[in-house]
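# An overview of the molecular structure
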Amino acid sequence: MSSRRRRLPAGLGKQLLLQAILIFISLTVLFPMLWVVSMSLDPRNISRPTSLELIPPGASLQAYIDVIDRPTSNPVSLPQLAFNSFLLAAGTSLGSLAVGVLAAYAFSRFHFPLRRALMIAIVVVLMVPSVAALAPLFVMLNKVQINAGDFSFNLRNSLLGVGLALISGALPFAIWNLKGYIDTIPKELEEAANLDGASPTQTFLRIMLPLATPALAVTAFLGFLTGWTEFVMSWQFLTNPENFTLSMALWGMTGQYADNTPWSKFSAMAIIVALPVSVVYLSLQRYIVGGLTVGGVKG
Amino acid sequence: MTTYAITEAATTAPAGSRRGTPRWLMAYLYILPAAVIMGAITYWPILFQFWMSFTDYGVRNLRFDADPPNVVGLDNFTALIRNDMAMIPNFNFWGMLGFNLFWTFSNVILHVAIGIVIAVILNSPGLRFRGFYRAIFILPIVIPTLVVATVWRNMFDPDYGAINQSLAAVGGLFGMSPESFHIRWIDQVDPPIPGIPLPLSYFALLITNIWLGWPFMTIVATGALQSISKEYYEAASIDGASGLQQFARITLPLLRPAMIPAAMYGMIVTFNLFNLIYMTSGGGPLRQTEILVTTAFRLVNEQRLYGVAAAFGIYTMLILLVLTLLTNRISKATESYV
Amino acid sequence: MNLRSIAVLFVALIVAAACGGGGTTGGGVAAGSIKGNITLWHAYHTGGSEEQALTQLIDKIKKDNPDAKITVLAIPFDQIFNKFQTESASGGGPDLFTAPNDELGTEVRAKLLLALDDKLKGKLDKVAPLGVDGLKVDGKLYGIPMLFKAVALYYNKDKVANAPKTTDELMNLVKGGKSIVQNQNGYHMFGWSQAFGGNLMDANGKCVADQGGWADALQYNLDLKKAGAKFETDGGRADTSFRQGQVDMIINGPWVLGDYKKDLGAKLGVAPIPAGPKGKAGPLTGVDGWYINSSAKNVDGAIALALALTDAAGQKVYADVAGDVPVRTDVTVSDPLVKAFSEASATGFARPQSSEFGNYWGPFGDAVTKIMEGKATPQAGIAEACAAMNKANKK
């Protein structure tokens, strides 16, 4: 790094060096993705290309057509899978966000008995992976069943149940993350509002929420990602194909040992699964960067 | 200055609300929805798990009309720390815990370091195509880990994997035979560095997870870098500080408050990184890269020893509690550094 | 503790052509006799040939039985046992599901499966005894048998004209430059032990593998490796190298026969795993059956459906479409490769359903890795695994 980083535009040599470094990094980032693209076009359906070439011999879009036409063995269409994924992801995201921001506000701005103990309790479960609570969650949610004539509902065997299970992991994170951000927001504005006679609720809605937008965006996005990519719980809980999600379909193609994986279709499906989250991310990128970096702003 | 961790917020409550509900009650009202939901779907299962951990709960007890499991006291707990798990050979609780911690710290340190360096490069004044690089560099974050793990596992293939092929291509320039790059990344049992008990698959996982982890740190660092006033650097230059000195005395300290919460988040994610390990190395060879969550999943999903798994979950929780408190202490202790 | 005595079963298995056309259709089900809502689960691979066989049969059964509403659900193979057990235990799950008998014992001990002795009386006369025994736990029958699953030696006829019949022949082939790939694990490599006189457990379920045979079998494999044989932990990788013709031989099961045929066509050959100095190889022989959930809502419909799927016509579809080995003796198998598999299953080691056998996988899987990677001698590795297994089983 040159010390002449003040007003001088970077010299040509330095520019070239930086570009070379960044191009190299870009290649390492893109390489595995190009690999997936290459496999998705490969009609040979082999587990790995035997040589490094982007466009395999006889490349075709057949795998995409196959996957769109019949994503799984089960009677469920790709739009339905995508819709379920969206429902689960958006539900997890918004559910944990709405409840989390209220609690985060209280933890950041109020003093009340047991505050510290409760916050520790949240941070501890935040770190516990939800896989660890799989068995008890299953048993519990399964107890909520409604049977009335032809109508029967089992909370465990529903997207709502999976969503709740996911929220049990996403909510502590939302509270922790939002509290951290709210802690860094200067409280002068609220104090001013308070002096003007605004109630805490008014202060929260009119001042806190707009100020916390970047953190809300990050939390929403990470919650969305959790729901979108989840497959362990979904496979454990759901049995009706009309509730299945894209990630479940993707996992269904490989399994742990990846024997007999239809590689071309798997790769095509992987691209289909990854695309929407990439788009959501790119559209939220501006907020997300801000929401993760406010600590630095204050530094 | 605060961190995202459990620090007492620097805020003092504004003088108590003058009318209506007392503030402490307001606070509880705000917390109520979260308390109800977490009570029902987070804490209740944990309590249930506590009870399970003192029993020999197994598949035969799952059935809704089954007899309750036998209470076995602390047997599950003692069996685990004594490695008395004959059905899982090479089960080594403390070894696994040590590996898990080493895995976490080695990853997070590298993620943060690489993330900062790349952010600084991206932040160089006059850099062209900045937006393009930024857009590319976030891709690893949004690709589902399931896909990442599967692809990298294929890339580490000894014969056809991209890693060995690339190494051989580079080695070929120096006249080395491709044979010398038949590296069995995932399967080789012998540690690549004599004397250090880390299998080659640890390094394969490390490479994969660095690929996965640095972009997040770069995003955080980039935002923080942009908020550092140029005046600091100008003043330092006038004082004659070199680029490296500026980096050490200005950039790093000012990045710290943003990087600490990010590193803590990274730590949690890495400590519990199930998908990547389960699908890339499967914990192998010989369970040397197994971490706590993959073992917890095996106990439930493969062995179906629910009682043992519950006890294991309790241990995991206690370990994480200690870890949280320790890192919180460390991040607080270093806070005055700025 | 209920101990089932386990012995190597040399049951004479008369499958296929020999007994074709026995007259009655055995468990045949009259059209229209399957009624009500029936949910079935399978773990066949999406787009694979076994799924194709099942779909073909279900379509026909639906047409013949307009009163039946059959719902088919595919579950990933590594999840099916776990998912069935948790679902069934909580009062749900399918009416019936099909899978190998890998976890039959566990499921029966957890009371998740219906005993079928009374319901199936007289309906399994045409099923080979090894098939029926494979679905029995403590003398009771818990499934409707359909297919045998055991591994055998696939070879590429272009490269290896005649399959090796003995371990010495195989060794000479490998030394002469022919290649073989093996899946390095306790399942695919199980068969060698019997060829070298090894026995896993005694009648009480105590591991006796350390008393000879097993170590010799692994020593042989080590020698094979030294001579150039490949050992893989990644099944997909092993498959690819054989399917693309880079490797001349592989040990694998009938479930990949359809896929191998697509790539290798007439070049593909199947033979039993070579016999050793102490006799024939004994691959672990599993039985794929249809199991009735003890929480099933439509038990009669489920049993009728299972019988329809496993009657002579049904098993022939599996044999012809997927290359699977029928358990019935009255099914004519035309494909010589499928016949070769049925011979391989015949000398197999019937998969024990005891809880003791459940503790084979961990210790022996690791022993295989350690020995093949040179981290332990065959003797030491097997002795350690045996001790671990006995410890887990409290023997």
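Predicted model, so just to flag it, every value in this text is computed and none were measured. Each chain carries its own residue numbering, running from 1 in the written order of its sequence. Chains and ligands are labelled sequentially in the order written, the chains with letters from A and the ligands with numbers from 1. For a predicted model such as this one, the threshold for reporting local features is a pLDDT of at least 70, and the threshold for listing and counting side-chain atom pairs is 80 or more; totals across whole chains, interfaces and linings nevertheless cover every residue.

The subject of this paragraph is the pairing of strand 10 (residues 249-252) of chain C. Residues and elements named next belong to chain C. Burial is judged by counting the other C-beta atoms within 10 Å of a residue's own C-beta: 20 or more makes it buried, 12 or fewer makes it exposed, and any count in between marks it as partly exposed, with every C-beta position built from the backbone. In this description a helix means any DSSP run of H or I spanning at least four residues, a strand means any run of E spanning at least two, and both kinds are numbered starting from the N terminus. With burial as the criterion, each face of strand 10 is covered, one bearing Met249 and Ile251 and the other bearing Ile250 and Asn252. Bridging between strand 7 (residues 152-156) and strand 10 involves four bridges; their strand directions are antiparallel. Within strand 10, the residue paired with Tyr155 across the bridge is Met249. Pairing geometry for strand 8 (residues 180-183) and strand 10, over two bridges, is parallel. Paired with Ile180 across the bridge in strand 10 is Met249. When DSSP finds at least two bridges between two strands, those strands are taken to pair.

Once that is clear, we can look at the sheet that holds strand 8 of chain C. Residue and element names in this part refer to chain C. If you trace the five strands from one edge of the open sheet to the other, you get 9-8-10-7-11, paired in mixed fashion. Because the sheet does not close on itself, it has two edges, and the strands there are strand 9 (230-232) and strand 11 (268-271). Along the sheet, successive strands turn relative to each other by an average axial angle of 25 degrees, direction set aside. Its contacts with the sheet place helix 12 (residues 336-346) against strand 7 and strand 11, and it is angled at close to 20 degrees to strand 11. A fitted line through C-alpha atoms represents every axis, and for helices the fit uses only the stretch in contact; the resulting angles, taken between N-to-C directions, go from 0 to 180 degrees. Each residue is represented by a C-beta atom placed from its backbone, and any two residues with such atoms within 7 Å are regarded as in contact.

Take the confidence of the model for chain A next. Any segment with low pLDDT has predicted coordinates that should not be analysed in fine detail. Residue and element names in this part refer to chain A. Confidence of the prediction at every residue is given by pLDDT, a number between 0 and 100. The predicted model of chain A averages 82 in pLDDT, with 88% of residues at 70 or higher. Between the elements of chain A, mean pLDDT differs from a low of 73, seen in helix 12 (residues 263-298), to a high of 94, seen in helix 3 (residues 78-109). Between residues 1-8, whose pLDDT stays under 50, and residues either more than four places distant or in other chains, the model counts 14 contacts. Counting interchain partners and residues more than four positions distant, the pLDDT-below-50 stretch residues 293-299 has 28 contacts.

Of note, Asn194 of chain A is situated in helix 7 (residues 188-195). For the pair Asn194 of chain A and Pro172 of chain A, spaced 22 residues apart in sequence, the C-alpha to C-alpha distance is 29 Å.

Turning our eyes to something else, we now look at helix 8 (residues 200-211) of chain A. The set of residues buried in helix 8 of chain A consists of Pro200, Thr203, Phe204 and Met208 of chain A. In a view along the axis of helix 8 of chain A, the buried residues occupy a sector of 95 degrees, so they form one face of it. Seen from the open side of helix 8 of chain A, the exposed residues pointing more than 90 degrees away from its buried face are Leu205 and Pro210 of chain A. Looking at the buried positions of helix 8 of chain A, the neighbouring elements they touch are helix 3, helix 6 (159-184) and helix 7 of chain A together with helix 1 (23-53) of chain B. Think of it as the arc spanned by the lines of direction from the helix axis to the C-beta atoms.

The next subject is the packing of helix 1 (residues 12-41) of chain A against helix 7 (residues 145-155) of chain B. Helices that pack against each other are described as a pair by the angle of their axes relative to one another and the distance between those axes. Taken N-terminus to C-terminus, the directions of helix 1 of chain A and helix 7 of chain B make an angle of 90 degrees; their axes are 10 Å apart at the nearest point. Comparing the axis directions of helix 1 of chain A and helix 7 of chain B gives the class roughly perpendicular. Of helix 7 of chain B, the residues touching helix 1 of chain A (which contributes Pro32, Trp35 and Val36 of chain A) are Val147, Val148, Val151, Trp152 and Met155 of chain B. Charged means Asp, Glu, Lys or Arg here, nonpolar means Ala, Val, Leu, Ile, Met, Phe, Trp, Tyr, Cys or Pro, and polar covers whatever is left, Gly included. Taken together, the residues of the contact of helix 1 of chain A with helix 7 of chain B sort by class into eight nonpolar, no polar and no charged. In what follows, roughly perpendicular refers to angles from 65 to 115 degrees, roughly parallel to angles under 35, roughly antiparallel to angles over 145, and oblique to any angle outside these ranges.

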